[in-house]
Amino acid sequence: MLSGRLCAQAESLQELQQLLHQHVNNIDGIAVAAAYTRAGKLCQRDAALAQSPAARELLQHLDQLLPSVCAQLGPRELSNIIWSCAYTQHTGPVAPLLADFMQPKILSAANCHDVANVLRTLAILKWQVPQQQLGQLAAAVAGQADKATPQQISNSVWALGKLGYQMLQQQLTVLLAAFTTEGMLARANTQDIANLLLGMAYLGQQVPAAQLQLLLAAYVSKRSGAKAQDIGNLLWAVSGMRQQVQTEHLGQLQAAFVQQLELLLAALVEQLHRAMPQEIPNTLLACARFRHVPEQLLAALQQQPQHMQRFLTGANPQELANTVLACGMLGHYSELLLGGALQQAVKLLQQDSSKFTFQGLSNLCWAMAVLNLHQYVPAVLQLAEAASRVWDSAAPQNWQQLHQVQLWLLDLAAAEGGKGAGLLQVLSKQQLDECRQAWQDQVASNSAAKPSAMQQQVSKALQQLLGWRVPPKQEVLTDDRNFSVDIVAVTAAGVRLAVEVDGPTHFVNVGGRWEVEGPTQYRNRALTARGYTVISIPWREWAQMKGAQQQQQQYLLDKLKGETYSLFSACSWHLESACPLHLQATALH
């Protein structure tokens, strides 16, 4: 009888085939499963083997043996054979073996190792699995979570996310509780933690703040063993969850997270020479979602141009687009990084435009507009023209981006005294109309939303200042209906003010300083081009006054004086001792 141990010791596919021929009449289910598994491990070690004649011959032989021994296979053997299919790239047995594995008798006997193996393989193969079956597999893992290893839980969550499972909250709660126990975290490695969080992001779920803190703290403590890919995955995953600190007593968690983020970035910088091209855009995009400018990573890329060049020449169109998008979101410009990425994207576009998606093309154009890089207008027109050829694949969000690009181009032309055609040079009128409608629909929707409590406080305080030619009014559309201004007012001197009440989402953290993000810079320039004097009220400054009305009004007067001083030939803003306060200014000449 051919033993499973003998198969597991085979050093080559040819040796496995010889063993099968030698024991042709004495092969049971365990031996067949062991042969499949060994073939998978050999192909895992050398991916080229999967396409070799030896692999095709061996797998065909095993497929012929499989039906006669299926009844002998338990959950371990079934899961191992399914697992092997991911590496042998041989998917023929997957459907019937999965059906066998899902039989109640088999599934109830399976342990976490077996189920995690099956789930991971199905995810790698991008298998179409019914929600009901995914639910049964998820329940099997959750039911044994206390006996599972960190790898088994993380692989299961990652796979369920990749497979599009609508996971039950109770199942997530059980798996997270098991993984974040002291013993489990001590055994988990960085890849386990990264995969768990990656799975949560794929599932569209957030991790409770306290558990997220435990996971990040554990990851940071083990970061010396982390691969660049794991660091990039973790950063992307947590940023993709749009995790927010929602209560004051968790405020320290946010600060701790920033410290941990910096430590993770430092670890990535140390491994920059080994980082794959995708790790740079993944990390930059994650930091952009965190609203955190990765100064040390950007500095390292600037100071080590050989790594920058390796990244730029090795990146694909999507990675280049994500890099430029992240820079636009952060409001960061570097000629070496951003200029190099854009030039490389245009070069690849000229070679083969089919590799670009509409989203990638629109992201590239949008970032140029946000950062006001007028020197790249010719490149923007090339990219937009390519987008016009894949128009049917566009989403409304991408149309909105292109309308912002169009507004930017028209504003540039107007600033130079011309009218300009903008994207009408490369897009049809119908396409531009679709972009305009998508953008203006979004603007109108935002304008109709209820103002924030902070905005209402600012508006009320402004109303207390007397002497307006046109008193403050909230949520006002610009004349061209392309922007909604938080608060609009006209001073006695005829100056149109756009008072923008800017919450945390309008700023990025730059070494502990809060600076205006890219899209908000774009908004301010666009409003200025439409004749407004823009006054920003940052949430941090307003919150420090803690509702003190006299202090709020003095703050606003100081803001008005500072922001509008250069617009007046002679003006004075007065704060009188009694309320209501008065605003006085001479007319413009």
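The structure contained in this document is the topic of the report that follows. (Residues numbered from 1 in each chain as written. Predicted model: local features only at pLDDT ≥ 70, side-chain atom pairs only at ≥ 80, totals over all residues. Heavy atoms only, no water.)

Comments concerning the overall build of the protein chain
Within the protein chain, the regular secondary structure consists of 29 helices and six strands. C-alpha atoms of the protein chain, sized along the principal axes, occupy 105 × 55 × 45 Å. Taken over 589 residues, the protein chain has a buried fraction of 53%. Contacts in the protein chain between residues at least 24 apart in sequence constitute 72% of all its contacts with a sequence separation of at least 6. For the protein chain, the accessible surface area stands at approximately 26800 Å², while carbon and sulfur atoms represent 50% of it. Taking the average location of the 40 positive side-chain charges in the protein chain and that of its 40 negative ones, the two points are 2 Å from each other. (Helix = DSSP H or I, 4+ residues; strand = E, 2+ residues; numbered from the N terminus. Buried < 20%, exposed > 50% of the residue type's maximum accessible area, 1.4 Å probe, protein only. Contact = heavy atoms within 4.5 Å. Areas by Shrake-Rupley, 256 points an atom, 1.4 Å probe, with all protein chains shown as cover. Lys, Arg positive; Asp, Glu negative; His and termini not counted. Charge placed at Lys NZ, Arg CZ, Asp CG, Glu CD.)

Focus: the sheet that holds strand 2 (residues 484-490)
Spatial ordering of the open sheet is given by 1-2-3-6, a layout of four strands whose pairing is mixed. Two strands in the sheet have a free side with no partner beyond their single neighbour: strand 1 (470-477) and strand 6 (533-538). When the angles between neighbouring strand axes are averaged without regard to direction, this sheet yields 25°. Of the pairings in the sheet, the one linking strand 3 (residues 496-502) to strand 6 comprises six bridges and is parallel in character. Its bridge partner being in strand 6, Val-501 is matched across the sheet by Ile-537. Along the sheet face, helix 26 (residues 453-463) touches strand 1, strand 2, strand 3 and strand 6 and points at about 155° away from the line of strand 1. (Pairing = 2+ DSSP bridges. Axes fitted to C-alpha atoms, helices over the stretch in contact; angles between N-to-C directions.)

Focus: the nonpolar core
If you look at the biggest cluster of nonpolar residues, it comprises 175 residues, and the most contacted ones within it are Phe-101, Leu-197 and Met-368. Ranked by residues supplied to this core, first place goes to helix 22 (residues 358-370) with nine residues. The residues touching Phe-101, leaving out its near neighbours within four places in the chain, are Pro-75, Leu-78, Ser-79, Ile-106, Leu-107, Ala-110, Asp-114, Val-115, Val-118 and Leu-137. If you look at the next biggest cluster of nonpolar residues, it comprises 20 residues, including Ala-489, Met-545, Leu-556 and Leu-560. (Core = buried A, V, L, I, M, F, W, Y, C linked by side-chain atoms within 4.5 Å.)

A word on the packing of helix 24 (residues 396-415) against helix 27 (residues 518-529)
One way to put it is that helix 24 packs onto helix 27 with a least axis distance of 11 Å and a crossing angle of 45°. Classified by the angle their axes make, helix 24 and helix 27 are oblique. Here helix 24 and helix 27 pass one another in a crossing that is left-handed. From helix 24, Gln-404, Leu-407, Trp-408 and Asp-411 reach across to helix 27, where they touch Tyr-522, Ala-526 and Ala-529. (Parallel < 35°, antiparallel > 145°, perpendicular 65-115°, else oblique. Left-handed = near helix turned anticlockwise from the far one by under 90°.)

What about the packing of aromatic side chains?
When we look at a pair of aromatic rings, we describe it by the centre distance and by the angle of the planes. Per the counting criterion, the structure on display carries eight aromatic pairs. Judged by centre distance (6.3 Å) and plane angle (45°), the rings of Phe-483 and Tyr-522 are tilted. Remark: Tyr-522 occurs in helix 27 and Phe-483 occurs in the loop between strand 1 and strand 2; sequence separation between them is 39 residues. Both residues of the pair, Phe-483 and Tyr-522, belong to the buried class. Members of the aromatic cluster, each reached through a chain of ring pairs, are Phe-358, Trp-391 and Trp-399. Geometry around Tyr-532 places Arg-496 over its ring, the cationic atom sitting 4.2 Å from the centre. (Phe/Tyr/Trp six-rings, centres within 6.5 Å; stacked < 30°, edge-to-face > 60°. Lys NZ or Arg CZ within 6 Å of the ring centre and 35° of its normal.)

With respect to the layout of surface pockets
By volume, the second largest pocket amounts to about 730 Å³. Residue lining of the second largest pocket: 26 residues in total, with Arg-120, Gln-151, Asn-155, Gln-191 and Asn-195 positioned closest to the centre. Where the lining of the second largest pocket is concerned, the elements lending two or more residues are helix 3 (29-45), helix 5 (75-88), helix 8 (112-124), helix 10 (150-162), helix 13 (190-202) and helix 15 (228-240). Across the lining of the second largest pocket, the residue classes tally to six nonpolar, 14 polar and six charged. (1 Å grid on protein atoms, 1.4 Å probe; cavity = no way out; pocket = protein on both sides within 12 Å on 5 of 7 lines; lining within 4 Å. Points joined across faces, edges and corners; volume = space filled by probe spheres on them. Nonpolar A, V, L, I, M, F, W, Y, C, P; charged D, E, K, R; others polar.)

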